[in-house]
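Here are the chains, one letter per residue:
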Amino acid sequence: MQIVSLIARPGTLDTALVDSLRNAFGGGPVTVLSDGEAAEFPIETAPSNFEEVRASLADQADVNLLPGDGRRKKMLLADMDSTMIQQECIDELAEEAGVGAHVKEITARAMNGELDFEGALTERVALLKGLPESVIDKVLETRITLMPGGPALVATMKANGAYAALVSGGFTAFTGKVAAQVGFDENRANTLLVEGGKLTGIPARPILGREAKVQALEEITARLGITEADVLAVGDGANDLGMLGRAGFGVALHAKPSVQAECALRVNLGDLTALLFLQGYARDEFAG
């Protein structure tokens, strides 16, 4: 058995649409996870036209196909920038340095897989040379906002026994604060080197990128005694594809087109609570 999941912006999921799709796919009874927002139904086999139907409904609902068993995951492995927070930290630092537009263009190309991640990160960090270290706290306080639904996602999964790890190609100066604020159990990221209270323009080596996220998946699951199938990974950029491809559920969240093309599970309309609906949690089961 498989599950067809429909998730829309709150208050916009039409019951008639859900029923129509259920009838077209020959599905079983509809389960409403959140009125006007999330519903699902079982089917025996995936319809051959699933991708075409999904694309035709993209502006109304995120339609995903999931296995019927093993949906509630034991670990969350999440990217930070543009995933758990709404910004790219390095872009916000660059704004303070007066090189925002240039750095944003490099970031966008790197996240879409057009540039080597390590080279792109090194180039961008070099442009931050001389910024006072105090700018990091200023950016955290004035420019960084959590992605909606993140605290509920982490709190609900942890309340049900899951472990939460934040893994980023960004910087520990940000992941430490975000992880503590949202409730992650651990975080991994790159380190910005500082001398005399100013950024040196050089990141510590080795630089953590795509392979470091896969390594985190391998190491943490081994330590917890769980399998990679027990993991829900979420991200938006090309450097997330390794972990997204290995995890039991790899979710492309508001992701770059090149990333969505390689991920079976995609969320474009919902916020991070969509990851709870994908696991079969109803809104009245949310914690936090």
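Before reading on, note that the structure itself is shown above.
Owing to the predicted nature of the structure, the values given are computational and were not obtained by experimental measurement. (Residues numbered from 1 in each chain as written. Predicted model: local features only at pLDDT ≥ 70, side-chain atom pairs only at ≥ 80, totals over all residues. Heavy atoms only, no water.)

Counting its secondary structure elements, the chain contains 12 helices and 12 strands. Taken over C-alpha atoms, the radius of gyration comes to 20 Å for the chain, in line with the 19 Å a tight globule of 288 residues would show. Its C-alpha atoms give the chain principal-axis dimensions of roughly 65 × 40 × 30 Å. Evaluated residue by residue, the chain yields a buried proportion of 53% over its 288 residues. Contacts spanning at least 24 positions in sequence make up 65% of the contacts within the chain whose residues lie at least 6 apart. When the accessible surface of the chain is totalled, it reaches about 11900 Å², and 50% of it is carbon and sulfur. Separation of charge centres in the chain, based on 25 positive and 40 negative side chains, amounts to 3 Å. (Helix = DSSP H or I, 4+ residues; strand = E, 2+ residues; numbered from the N terminus. Rg over C-alpha atoms; globule rule 2.2 N^0.38 Å. Buried < 20%, exposed > 50% of the residue type's maximum accessible area, 1.4 Å probe, protein only. Contact = heavy atoms within 4.5 Å. Areas by Shrake-Rupley, 256 points an atom, 1.4 Å probe, with all protein chains shown as cover. Lys, Arg positive; Asp, Glu negative; His and termini not counted. Charge placed at Lys NZ, Arg CZ, Asp CG, Glu CD.)

Evaluation of the coordinates by the stated rule reveals two aromatic pairs. Taking 5.4 Å as the distance between ring centres and 40° as the angle between the ring planes, the aromatic pair formed by Phe277 and Phe286 counts as tilted. As far as burial versus exposure is concerned, Phe277 and Phe286 are alike and both buried. For Lys73, the ring lying beneath its charged end belongs to Phe249, and the centroid distance is 4.3 Å. (Phe/Tyr/Trp six-rings, centres within 6.5 Å; stacked < 30°, edge-to-face > 60°. Lys NZ or Arg CZ within 6 Å of the ring centre and 35° of its normal.)

The next thing to look at is the environment of Asp137. By the secondary structure assignment, Asp137 is in helix H6 (residues 134-142). Relative accessible area serves as the criterion here: at 37%, Asp137 is assigned to the partly exposed category. Residues Asp137 and Ser48, 89 residues apart in the sequence, show an inter-C-alpha distance of 51 Å.

Our next topic: the nonpolar core. A general tendency of soluble globular proteins is for nonpolar side chains to be buried together. Grouped together as the largest cluster of nonpolar side chains are 61 residues, with contacts concentrated most on Leu76, Phe174, Phe184 and Leu275. It is helix H12 (residues 274-278) that contributes the most residues to this core, five residues altogether. Setting aside chain neighbours within four positions, we find Leu76 in contact with Leu153, Val154, Met157, Tyr163, Ala164, Ala165, Phe184, Leu232 and Val234. In this structure, Leu77, Val167, Met243 and Ala252 belong to the second largest nonpolar core, which totals 19 residues. (Core = buried A, V, L, I, M, F, W, Y, C linked by side-chain atoms within 4.5 Å.)

Here we come to the packing of helix H3 (residues 89-97) against helix H4 (residues 100-111). Contact pair H3 / H4: the axes reach a minimum separation of 8 Å and the direction vectors enclose 165°. As far as their axial angle goes, H4 and H3 are roughly antiparallel. When the axes of H3 and H4 are compared, the crossing they make is right-handed. Counted together, Ile90, Asp91, Ala94 and Glu95 of H3 and Gly100, Ala101, Val103, Lys104 and Thr107 of H4 form the full contact between these two elements. (Axes fitted to C-alpha atoms, helices over the stretch in contact; angles between N-to-C directions. Parallel < 35°, antiparallel > 145°, perpendicular 65-115°, else oblique. Left-handed = near helix turned anticlockwise from the far one by under 90°.)

What follows concerns the sheet that holds strand E6 (residues 163-171). Sheet architecture is open: six strands sit in the order E7-E6-E5-E10-E11-E12, paired in parallel fashion. Where the open sheet ends on each side, the last strands, each with one partner, are strand E7 (186-190) and strand E12 (265-267). For this sheet, the mean inter-axis angle between neighbouring strands, taken without regard to orientation, is 20°. By the bridge criterion, four bridges tie strand E5 (residues 75-78) to strand E10 (residues 231-235) in an arrangement that is parallel. When the sheet's bridge partners are listed, Met75 is paired in E10 with Val231. Running over the sheet, helix H9 (residues 210-224) touches E5, E6, E7 and E10 and is turned about 160° from E6. (Pairing = 2+ DSSP bridges.)

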